[in-house]
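Secondary and tertiary structure notes
The primary structure of each chain is shown beneath.
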Amino acid sequence: MGWDMPGEWQRKALLVSGFCRPCDRLSPMRRFRAPVLALLGYLALSLLLTWPLALHLTTHAPGNGSDDPAIIWNLWWVRYSLTVLRQNPFHSDFMFWPLGVNLVFYTLTMLNALLSIPLQLSVGLIPANSAVIFFELGIGGLGMYLLADWLLARHNELWHLPRATRQGVAFLAGATFTFASSKFVYLSLGQFNIAASHWVPWTILAIAQLWAAPDRRVQYRAAVPAALFLLFNGWTEFTYASFLLIFILLFWVWHVLAGDAPPCRDGPVGRLSWALDVTGAHLLLGALFLLGMSPILWQMLADMRVEGDFLVEGLGFANVFSNDLLGFIIPSRLHPLFGPELAEKTHFAYLNFAFLGWTVLVLVAVALVGRSRHIARFWAVAGGLFMLLSLGPTLRINGREFELPLPFDLLLQLPFFKANRYPSRYSVMIALCLAVLVAYGLATFMARLSRRNRSDLSLTLPQTTALLLVLAMTLFETLSVPLPMSDFRVPAIYNDIAGGSGAAVLEVPVAWRNGFRVTGTLDPTFMFAQFYQTVHEKRIANGNTSRNPELKFQYFTEAPLFNRLIALETGHSLPPDEWQADVAATDFDLLGADYVVVHKIGSTDPVVAPEATIPFLESTLPLTKVYEDPRLVVFRRNAPHRRPATLQLDAGHPNLRLMLGEGWSAIPPVGWRQPAGLDFVPLLWIQRQQARLFLPLPPDRNLHLTARLYVPAPGQRLRIATQRGELPGSPQSLPAGWNQIELSLPARLIDPTLTELRLEFSTLFDAARLDLTHTSMAPPASIGTTGVTSPVPVVVESAGQEVGDFAHIYVNGTDVAHNTIGYNLAVINPTDGTMIGTAAFDIANDPFAADALTAFLDHVPAGFIVAVAANDTVTIPPELGGKLPLDEKVVAALATIGATGNLQGTFRWSHAILGVKAAPPGTAAEDFSATRPARVWAGPLLNEPRVAAAVAWLRIRAQ
């Protein structure tokens, strides 16, 4: 950055702990007049540049219906959870009902939501969202204005600009940042959380002032506002806090290595002392930031400690959501003149967030070669680094990919930083660095138009003309009007639903979305269903989050009611035996829903067909149609919710999935039937210290709970409670072996909506150290009908893209599969259970994979156990762009381990095999399906490496 001369330094040192320009001789009114006018200018420009939002402030929002409903939902949820439910807003069972979801892994935009509460209560949700958008644009512009003005004033000996000229240059820098092309692309997508970069320049201003402090006391004092603004970023959009941490590290390295100490710290000893002081101030900043973020970070770490690291899956589409090098000079598709034509001539992998602006680039060049070149170097280097990061893991030029090592690969190895799967989001930091360079370049240009010793209260006509011309050119190049708008007027029927009974609403299409995929119908309609919750205020099973454990999706895709609805709405048909009214109705009873809303999309895409669920709903659930229009059909429950006083749960219960929450092992797949001639069912293993069980129980009866449990080792203690309190007689000590517990469940502990039973254990045991395959009453570890018994528990799970998109092979509860597209294999020694080898073959896309899979199985010795799980798909039909049909040699190779399933002509089917090399075809344990996950196993169904106990059955009856 460079430092001022000693005389100037002493005057400005008095101002570094505040957030104002160095204008100590101005009256307070004149001191704040320019920033207020700048803010008003940014707000006025916001009204024009977000057109036609100004015409629809109370009914519409920018966006395409994909992200905007959820981000607006955020504002409502924070207000509703705090003021009505009076609960922690970071946990919600109003989505993913009844399982719930931890929203610390979601873009909750907490600070924006808190600021919007008064407006929500006074003028409504949509006007509050409109106000938040203008607030982001105005405050972001003001922050950049103050940063640019502060930097220009510090180095004004280079240009000798009058105050008014400097302020005009700073205003244009603020406009360059807050109205950058990428900002409008984010708004057009409804990604208001990513558009919320308004605290970024404020943070950097505070950091710059910290470095300008003349002594340790002022530096430490300046660390407090720097930490505060960094926290504002973290509590608005955590992604930008992580970007700023990179910037702060770069800022520290640059200035410490350059020995860029202030003149009052000259000399080796002074520079060393200064470096230690600023480092200490940064450590204080970091400590304050961690303290302020601790409510979020603590909940994140607690969940990840139990669930594992689920922040990113592979590259997380980072190779797609990256900037294209050509995009830096090509206007976005939103430009009313250039956008459509250029969009046809370019081949970007995704939308173009990268455009910098031609006028901006000219001014940057002036800054780098003009009188400001020495102080511009840091901002050029920082902008260049963020440009490199925005390119993602591979270099793309007009869609063509070049495999070059790029710095983004390093971030994929760092905790938390790797969670950003959109490298293009670094465009915000690029825009900020370029805005500073624009200020320097424009100041250099304006210095030629300036006259020395002129009053700094006004601009000359040439200066005014030049500033207006540059502003107009800059804004024209990033012009993005009209912005696409989404209509958020809620169908009137939802007001009736709000006044009706029931704890939940079943919205169809049923779908669940995170940052990596959508399970269910791939259409934004279900996102609006989430927004409609802001009116009816009842729970919904659908959900949208950013990151989540796998069970949050699989809980629904494996439940009979939801599994059938997903199949129908994605274009599949159901066999007659799956139109089971009692099974579907039992799931419906558990939800406690009194209304079903089916959204009629009218799509020509056969896999987007929620209307296809209507015959199934009418024939299997106790419903009466109460409303229909061209957009939706509404059904109301016509029978009381069933709350049986007698209930028995075991692995054979057809509605088991919806009753088991977190903490349980894998269960038999949907539609599993106990094999003929066998007098056992698989045990339900509890693999965490707390297991959740959801039971629809009568709230006015005293009940009795009986359970038969197997404890694999001594030292176990069990506590059982509901959400209303601990059961009498709990906790209990359980010796090793079989135990039968009996406890009373009084009516006062039963929830009228849904009772959550929590089984809490004191100890977890390492499954690999226990002999669980020979447990009394446990299923034998035989592998199909091959005659071979596995010495270790093995579970094989597969899911096509629509119902899970995974491949797992658990050996002693540890997943050994590569979990990549295609067939995933593992070979196990049948004598001692040791792993021999693993592999994965993408036979749908790799022309050499079929031969490689065949060769791999050819080298497996006879009698060895082979587990196979398909991920996503193993073949793509020609009509969907497939070029590699499933090779006959693959089918033949799988037959050598006892399999008979042939997925030729399928697309995204689940396929799980547990076989033995050289076993006759048809003897392997095998499961495949187009509409549900597939699962086969030998021994206990363990999918985690530790166990607490196993449940043979659990009964509840009236006392």
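Look up: the structure comes first, before these words.
Residues numbered from 1 in each chain as written. Predicted model: local features only at pLDDT ≥ 70, side-chain atom pairs only at ≥ 80, totals over all residues. Heavy atoms only, no water.

Observations regarding the overall build of the protein chain
A tally of regular secondary structure across the protein chain gives 27 helices and 35 strands. Over its C-alpha atoms the protein chain spans a radius of gyration of 31 Å, differing by no more than 12% from the 30 Å that the globule rule assigns to 959 residues. In the protein chain, which comprises 959 residues, the proportion classed as buried is 62%. Within the protein chain, contacts between residues separated by at least 24 positions form 76% of all contacts whose residues are at least 6 apart in sequence. As presented, the protein chain carries roughly 35200 Å² of accessible surface, and 60% of it is formed by carbon and sulfur atoms. The protein chain carries 69 positive and 72 negative side-chain charges, and their two centres are separated by 12 Å. (Helix = DSSP H or I, 4+ residues; strand = E, 2+ residues; numbered from the N terminus. Rg over C-alpha atoms; globule rule 2.2 N^0.38 Å. Buried < 20%, exposed > 50% of the residue type's maximum accessible area, 1.4 Å probe, protein only. Contact = heavy atoms within 4.5 Å. Areas by Shrake-Rupley, 256 points an atom, 1.4 Å probe, with all protein chains shown as cover. Lys, Arg positive; Asp, Glu negative; His and termini not counted. Charge placed at Lys NZ, Arg CZ, Asp CG, Glu CD.)

Comments concerning the nonpolar core
Inside soluble globular proteins, nonpolar side chains tend to come together where they are buried. Counting 259 residues, the largest nonpolar core has Trp379, Tyr440, Leu506 and Phe562 as the members making the most contacts within it. Broken down by element, the residue count for this core peaks at 17 residues, all from helix α17 (residues 427–449). When neighbours within four sequence positions are excluded, Leu506 is seen to be in contact with Leu561, Phe562, Leu565, Phe588, Leu591, Ala593, Tyr595, Val596 and Val597. (Core = buried A, V, L, I, M, F, W, Y, C linked by side-chain atoms within 4.5 Å.)

With respect to the environment of Gly520
For Gly520, the position within the fold is in strand β9 (residues 518–520). If we skip the residues at most four places from it in the chain, Gly520 touches Val510, Ala511, Ile566, Glu569, Thr570 and Glu802.

Section: helix α3 (residues 68–85)
Compared with the 26 Å implied by 1.5 Å per residue over 18 residues, the 24 Å span of α3 between its first and last C-alpha is a close match. Most of α3 sits inside the fold, with 14 of its 18 residues counted as buried. Two residues or fewer past α3, Arg86 is found with a positive phi of approximately 55°. (Expected span 1.5 Å × (residues − 1).)

Describing the sheet that holds β9
The strand order across the open sheet formed by three strands is β9-β8-β11, and the pairing between neighbours is mixed. Two strands close off the open sheet at either side, each with one partner strand: β9 and β11 (543–544). (Pairing = 2+ DSSP bridges.)

Observations regarding the packing of helix α15 (residues 373–390) against α17
Contact geometry for α15 and α17: axes closest at 8 Å, N-to-C directions at 155°. On the basis of the axis angle, α15 is roughly antiparallel to α17. The interaxial crossing formed by α15 with α17 has left-handed handedness. Across the interface between the two elements, Ile375, Ala376, Trp379, Ala380, Ala382, Gly383, Phe386, Met387 and Ser390 from α15 touch Met429, Ile430, Leu432, Cys433, Val436, Leu437 and Tyr440 from α17. A per-class count over the contact of α15 with α17 returns 14 nonpolar, two polar and no charged. (Axes fitted to C-alpha atoms, helices over the stretch in contact; angles between N-to-C directions. Parallel < 35°, antiparallel > 145°, perpendicular 65-115°, else oblique. Left-handed = near helix turned anticlockwise from the far one by under 90°. Nonpolar A, V, L, I, M, F, W, Y, C, P; charged D, E, K, R; others polar.)

Looking at unusual backbone geometry
Trans is the common state for peptide bonds, and a negative phi is the common state for residues other than glycine. A cis geometry characterises the amide bond from Trp97 onward to Pro98, with omega recorded as 5°. Topologically, Pro98 is positioned in the loop between β2 (91–92) and β3 (101–102). In this chain, Val481 is followed by Pro482 through a cis amide linkage whose omega measures -5°. Examined against the element boundaries, Pro482 turns out to sit in the loop between α18 (461–477) and β6 (485–487). Phi at His160 is positive, roughly 55°, even though this residue is not glycine.

Some words on the pairing of strand β31 (residues 910–916)
The buried fraction of β31 amounts to seven of the seven residues, a majority that puts the element mostly inside the structure. Side chains Ser910, Ala912, Leu914 and Val916 of β31 all project onto a buried face; the interleaved residues His911, Ile913 and Gly915 project onto the opposite face, where all are buried too. Direction of pairing for strand β30 (residues 865–872) relative to β31: antiparallel, over a ladder of five bridges. Considered in β31, the bridge of Ile865 is made with Val916. Where β31 lies against strand β32 (residues 925–929), five bridges are found, and the strand directions are antiparallel.

Topic: the sheet that holds strand β12 (residues 593–599)
In space, the five strands of this open sheet follow the order β10-β7-β12-β14-β13, with mixed pairing throughout. Looking at the sheet topology across the chains shown, the edges are occupied by β10 (539–540) and β13 (623–628). Both strand β7 (residues 504–508) and β10 contribute to a ladder of two bridges, which runs parallel. Across the sheet, residue Ala504 finds its bridge partner in β10, namely Arg539.

Some remarks on the side chain of Ser798
Mapping Ser798 onto the fold places it in strand β25 (residues 794–800). A polar contact is formed between the side chain of Ser798 and the backbone oxygen of Ala870, at a distance of 2.6 Å. The residues touching Ser798, leaving out its near neighbours within four places in the chain, are Phe806, Ala869, Ala870, Ser910, His911, Ala912, Pro933 and Ala934. (Polar contact = N/O pair within 3.5 Å; in protein donor to acceptor, adjacent residues only side chain to side chain.)

Side note on the packing of helix α14 (residues 358–369) against α15
One way to put it is that α14 packs onto α15 with a least axis distance of 7 Å and a crossing angle of 125°. Comparing the axis directions of α14 and α15 gives the class oblique. Contacts between α14 and α15 involve Ala367, Leu368 and Val369 from the former and Arg373, Ala376 and Ala380 from the latter.

Quick word on helix α23 (residues 581–591)
Most of α23 sits out of view: nine of its eleven residues are buried. Taken residue by residue, α23 has Val583, Ala584, Ala585, Thr586, Asp587, Phe588, Asp589, Leu590 and Leu591 as its buried positions. Positioned one or two residues after α23, Gly592 has a phi angle of 70°, which is positive.

Some points on the packing of aromatic side chains
The full count for this structure, using the stated rule, is 52 aromatic pairs. Between Phe488 and Phe528 the ring centres are 5.4 Å apart and the planes differ by 35°, which places this aromatic pair in the tilted class. Separated by 40 residues along the polypeptide, Phe488 in the loop between β6 and α19 (493–499) and Phe528 in helix α20 (residues 525–536) bring together distant segments of the chain. We classify Phe528 as buried; its relative accessible area is 17%. Members of the aromatic cluster, joined through ring pairs, are Phe96, Trp512, Phe553, Tyr555, Phe556, Phe562 and Phe694. Lys183 extends its terminal NZ or CZ atom over the ring of Phe177, reaching a point 5.5 Å from the ring centre. Between Arg955 and the ring centre of Trp953, over which it is positioned, the NZ or CZ distance is 3.6 Å. (Phe/Tyr/Trp six-rings, centres within 6.5 Å; stacked < 30°, edge-to-face > 60°. Lys NZ or Arg CZ within 6 Å of the ring centre and 35° of its normal.)

Some details on the side chain of Ser910
Among the structural elements, Ser910 can be located in strand β31. On the accessibility criterion, Ser910 (1% relative accessible area) is buried. A polar contact of 2.8 Å, which involves the side chain of Ser910, links it to the backbone oxygen of Arg932.

Observations regarding the environment of Val795
Within the secondary structure layout, Val795 lies in strand β25. Measuring from C-alpha to C-alpha, the distance between Val795 and Leu853 comes to 21 Å, with 58 residues separating the pair along the chain. Discounting chain neighbours no more than four positions away, the residues touching Val795 are Ala666, His808, Ile809, Tyr810, Arg935, Val936, Trp937, Pro940, Leu941 and Leu942.

Some thoughts on the pattern of salt bridges
Across all of its chains, the model carries 28 salt bridges by this definition. Linking Asp149 and Arg166 is a salt bridge whose minimum nitrogen-to-oxygen distance equals 2.8 Å. Of this pair, Asp149 sits in helix α5 (residues 125–154) while Arg166 sits in helix α6 (residues 163–178), and the two are 17 residues apart along the sequence. Here Asp149 and Arg166 have matching classes, each one buried. Close ionic contact of Arg637 with Asp589 constitutes a salt bridge, the shortest N to O distance being 2.2 Å. Here Arg637, found in strand β14 (residues 632–637), pairs with Asp589, found in helix α23; they are 48 residues apart in sequence, far enough to count as distant. Each member of the pair Arg637 and Asp589 is classed as buried. When salt bridges that share partners are traced, they join Lys552, Glu662, Arg692, Glu756 and Arg758 into one network. (Salt bridge = Lys/Arg side-chain N within 4 Å of Asp/Glu carboxyl O.)

Brief notes about the environment of Asp309
With respect to the helices and strands, the residue Asp309 is situated in the loop between α12 (268–307) and α13 (339–345). In the structure, Asp309 is positioned 173 residues away from Pro482 in sequence and 41 Å away in space, judged by C-alpha atoms. The contacts of Asp309, once residues within four sequence positions are left out, are Met304 and Lys418.

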